[in-house]
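The chain contents come next:
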Amino acid sequence: MKPLAVRCRSLIKRYGDNIAVNAIDLDVEQGQCFGLLGPNGAGKTTTVEMLEGLHPVDGGSLELFGHSWGDGHDHNMRQRYGAQLQATELADKLKVREVLRLFRSFYDQGHSVPELIEMVDLGEFQEQYFHTLSGGQKQRVAIACALAGAPELLFLDEPTTGLDPRARQRLWAIIENFRESGGTVMLTTHYMEEAAKLCDRIAIMDHGKIIDEGTPRSLVDSLGLVQFVEFETQQTIDLPRLTALAEVESVEQRGLTYRLRIGRDLNALRVVLVDLDQQRVVPVGLSTHQATLDDVFMERTGRALLGPTQTGQGAQASVPRATELAP
Ligand code: ATP
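From a predicted model like this one, the values you see are computed outputs, not experimental measurements.

Peer 1: Describe in detail the pairing of strand β3 (residues 33-37), supporting the description with residues and values.
Peer 2: Within β3, 5 of the 5 residues are buried, which leaves the element mostly enclosed by the surrounding structure. Covered by surrounding structure in β3 are Cys-33, Gly-35 and Leu-37 together with Phe-34 and Leu-36, the residues of both alternating faces. Note: β3 against strand β7 (residues 184-189), 5 bridges, orientation parallel. The residue bridging Gly-35 from the neighbouring strand is Leu-187, located in β7.

Here it is as structure tokens:
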């Protein structure tokens, strides 16, 4: 095992009666991209902000590069990480180049401003005022600020929320370049496709707890050799009969919508369709997919990762199937 960049044990944060982070353990190896995946309010940002030394912890322990905040190494710890916060509100009156110069001045050593501009491909915008940039351009400036001190560890808090697919791809490329140069990344996201694409390991968070952890592949494989079939129908289905089929593992019904978990092979799908036909059920909008991280989340919590108000543009991006997650 490589040395750890981040280590938490029974880490706790409370806001009044609300336990935002509830006794979590985390190990992030140096060189790894580690994702905290979870819905709004899961406790991801609070966790990351404690790691960044922005909030005191209420219980348990955390270490960054083997040191805890307040044990005499705070300056060194701050020099070794860069953080892109969830909401970046940089001074409106500053140009991109000036913002980067400001952030570079916080660090003893690091990249020059021209290097940073090159790394995030912002050459044509460097003389533009920050407030005139698009969301994707602002996020690139935010990541350049996080990279200013040539950090070993990069914290990225929902770096692509609200971005269109193209802007998102550009940010992913910047993150992958940082990884290729040996950097460690700790990323929060509620987009499963982002976690699956970028992360070596993922911890799924919900209500302040880690409910599952592993590689994207192992998490998906934990569901077994299954596929999911979804459709709507106006007709009444004989659910006990459908569930009794050997090929069907489970059936969920929400109103007129059905979600079946069945064997991964084509024959299982054929058996289900034949049975629906025999029941004179007409499935509308039928779709099938192999298991994804979203299915893992749903399996563990009974809820979808992205609620109806959280889908945003990015959630429309293509979703990796289990086969695409293969190394
Ligand atoms: P999101 O994806 O929306 O950013 P998250 O997983 O990052 O969600 P947190 O922002 O860490 O979640 O919030 C975890 C819980 O802590 C929520 O219930 C939130 O309301 C609460 N919380 C966070 N910050 C504060 C605060 N400063 N004061 C009181 N409660 C807070």
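More follows now that the structure is in view.
Peer 1: Account for the site of the ligand, with residues named and values stated.
Peer 2: Every one of the 14 residues lining the ligand counts as a neighbour, but Asn-40, Gly-41, Thr-45, Thr-46 and Glu-158 are closest to it. Within the backbone of Ala-42, a nitrogen or oxygen atom sits 3.0 Å from an oxygen atom of the ligand. Between the ligand and Thr-45 there is a distance of 2.7 Å, counted from an oxygen atom to a side-chain nitrogen or oxygen. Out of a free accessible area of 630 Å², the ligand has 62% covered by protein chains. Examining the composition of the shell around the ligand, we find that 3 residues originate from one element, helix α1 (residues 44-51), more than from any other.

Peer 1: Break down the sheet that holds strand β10 (residues 226-232) for me, with residues and values.
Peer 2: Pairing is antiparallel in the open sheet, where 4 strands are placed in the order β11-β12-β10-β13. With partners counted over all chains shown, the strands left at the sheet margins are β11 (248-254) and β13 (284-290), one partner each. Recorded for the sheet is a direction-independent mean angle of 15 degrees between the axes of neighbouring strands. Pairing geometry for β10 and strand β12 (residues 257-263), over 7 bridges, is antiparallel. Considered in β12, the bridge of Glu-230 is made with Arg-259.

Peer 1: Hey, could you go over the side chain of Thr-47 for me, with residue numbers and the actual values?
Peer 2: Along the chain, Thr-47 turns up in helix α1. In this structure the side chain of Thr-47 is engaged in a polar contact, spanning 2.7 Å, whose partner is the backbone oxygen of Gly-43. Excluding anything up to four places from it in sequence, Thr-47 contacts Leu-11, Val-21, Ile-24, Leu-26, Leu-36 and Met-205.

Peer 1: I'd like a rundown of the packing of aromatic side chains, residues and numbers included.
Peer 2: Scanning the model with the defined rule gives 4 aromatic pairs in all. Here the aromatic rings of Trp-69 and Tyr-81 are separated by 6.3 Å at their centres, their planes lie at 90 degrees, and the arrangement is edge-to-face. Taken together, the positions of Trp-69 in the loop between β4 (59-64) and α2 (74-80) and Tyr-81 in strand β5 (residues 81-84) put the pair 12 residues apart, joining distant regions of the chain. Ring geometry for Tyr-81 and Phe-155: centres 5.3 Å apart, planes at 75 degrees, overall edge-to-face. Residue Tyr-81 is located in strand β5, and its partner Phe-155 is located in strand β6 (residues 153-157); the two are separated by 74 residues in the primary sequence. Ring pairs connect the aromatic residues Trp-69, Tyr-81 and Phe-155, which therefore count as one cluster. The aromatic ring of Phe-65 is capped on one face by Arg-80, whose charged end is 3.9 Å from the ring centroid.

Peer 1: Describe the sheet that holds β5, with residues and values.
Peer 2: Strand order in the open sheet made by the 6 strands is β5-β6-β7-β3-β8-β9, with mixed pairing throughout. Of all the strands in the sheet, the pair left with one neighbour each is β5 and β9 (209-214). Mean inter-strand twist for the sheet, computed between neighbouring axes without regard to direction, equals 15 degrees. Contacting β3, β8 (201-206) and β9, helix α11 (residues 293-301) runs over the sheet at an angle of about 40 degrees to β8.

Peer 1: So what's going on with helix α3 (residues 96-104)? Which residues, and what values?
Peer 2: Val-96, Val-99 and Leu-100 are the residues of α3 that are buried. Buried residues in α3, looked at end-on, bunch into an arc of 95 degrees, giving them a common side. On its buried face, α3 is in contact with α4 (113-119) and α5 (135-147).

Peer 1: Please give an account of the packing of α5 against helix α6 (residues 165-180) that cites residues and values.
Peer 2: Axis separation between α5 and α6 bottoms out at 9 Å; the angle between their running directions is 15 degrees. As summarised for this structure, α5 and α6 are arranged roughly parallel, according to the angle between their axes. Judged by the sense of rotation from one axis to the other, the crossing of α5 with α6 is right-handed. Of the residues in α6, those touching α5 at Gly-136, Gln-139, Arg-140, Ile-143 and Leu-147 are Ala-167, Arg-170, Leu-171, Ile-174 and Phe-178. Across the contact of α5 with α6, the residue classes tally to 6 nonpolar, 2 polar and 2 charged.

Rules and cut-offs
- Residues numbered from 1 in each chain as written.
- Predicted model: local features only at pLDDT ≥ 70, side-chain atom pairs only at ≥ 80, totals over all residues.
- Heavy atoms only, no water.
- Buried < 20%, exposed > 50% of the residue type's maximum accessible area, 1.4 Å probe, protein only.
- Helix = DSSP H or I, 4+ residues; strand = E, 2+ residues; numbered from the N terminus.
- Pairing = 2+ DSSP bridges.
- Near = heavy atom within 4 Å.
- Polar contact = N/O pair within 3.5 Å; in protein donor to acceptor, adjacent residues only side chain to side chain.
- Areas by Shrake-Rupley, 256 points an atom, 1.4 Å probe, with all protein chains shown as cover.
- Axes fitted to C-alpha atoms, helices over the stretch in contact; angles between N-to-C directions.
- Contact = heavy atoms within 4.5 Å.
- Phe/Tyr/Trp six-rings, centres within 6.5 Å; stacked < 30°, edge-to-face > 60°.
- Lys NZ or Arg CZ within 6 Å of the ring centre and 35° of its normal.
- Arc of directions from axis to C-beta.
- Parallel < 35°, antiparallel > 145°, perpendicular 65-115°, else oblique.
- Left-handed = near helix turned anticlockwise from the far one by under 90°.
- Nonpolar A, V, L, I, M, F, W, Y, C, P; charged D, E, K, R; others polar.

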